[in-house]
Amino acid sequence: MKLKPKKFRAYWSNDFYNPGTRRVSARYFSVERSYSTDDIAAIGALAVGDTWKSQHYGCAHTVTRMV
């Protein structure tokens, strides 16, 4: 059985330079994109339907696991 790669819906509020909602893979979240290793681990551990809130931006930046 082949596992589906994790997919996420990431949201950035109008407080960000490039606001909006986008579908991204787990590879999107990296230190190069200013995510801490703790953020990356927490996002990677999300169950389908669970949402992560940025510790720095709260509801202004969230990530929900879709698959």
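Here, every reference points to the structure presented above.
Reference entry: report on the structure contained in this document. What you see is a predicted model, and the numbers here were worked out from it, not measured in a lab.

### Here we look at the layout of surface pockets
Counted as a void, the largest pocket has a volume near 250 Å³. Considering the residues around the largest pocket, the lining is formed by 14 residues, among which R33, S34, Y35, Y57 and H61 are closest to the centre. Taken together, the residues of the lining of the largest pocket break down into six nonpolar, six polar and two charged.

### Let's talk about the packing of aromatic side chains
In the structure shown here, the tally under the stated rule is seven aromatic pairs. When the centroid spacing of 6.0 Å and the interplanar angle of 65 degrees are considered together, the rings of W12 and Y28 count as edge-to-face. Of this pair, W12 sits in strand β1 (residues 7-12) while Y28 sits in the loop between β2 (20-25) and α1 (37-44), placing them 16 residues apart in sequence. Relative to Y57, the ring of F16 lies with its centre 4.9 Å away and its plane at 65 degrees, an arrangement referred to as edge-to-face. In this pair, F16 sits in the loop between β1 and β2 while Y57 sits in the loop between β3 (51-54) and β4 (58-65), placing the two residues 41 residues apart along the sequence.

Calculation notes
- All residue numbers refer to position in the chain's written sequence, counted from 1.
- Given that this is a predicted model, residues contribute local features only at a pLDDT of at least 70 and side-chain atom pairs are listed and counted only at 80 or more, while totals for whole chains, interfaces and linings are drawn from all residues.
- With hydrogens and water excluded, all non-hydrogen atoms of the structure serve as input to the side-chain values.
- For cavity detection a 1 Å grid was placed over the protein atoms alone, and a set of points counts as a cavity when a 1.4 Å probe fits there but cannot get out; an open set counts as a pocket when protein lies on both sides within 12 Å along at least five of seven lines, with lining residues being those that have an atom within 4 Å of a point.
- Grid points are joined across faces, edges and corners, and a volume is the space filled by probe spheres set on the points.
- Each residue is assigned to one of three groups, with Ala, Val, Leu, Ile, Met, Phe, Trp, Tyr, Cys and Pro labelled nonpolar, Asp, Glu, Lys and Arg labelled charged, and all others, Gly among them, labelled polar.
- Any Phe, Tyr or Trp ring, taking Trp's six-membered ring, that has another such ring centre within 6.5 Å forms a pair; planes under 30 degrees apart are called stacked, those over 60 apart edge-to-face, and the others tilted.
- The helix and strand labels rest on DSSP assignments: H or I over at least four residues marks a helix, E over at least two residues marks a strand, and numbering proceeds from the N terminus.

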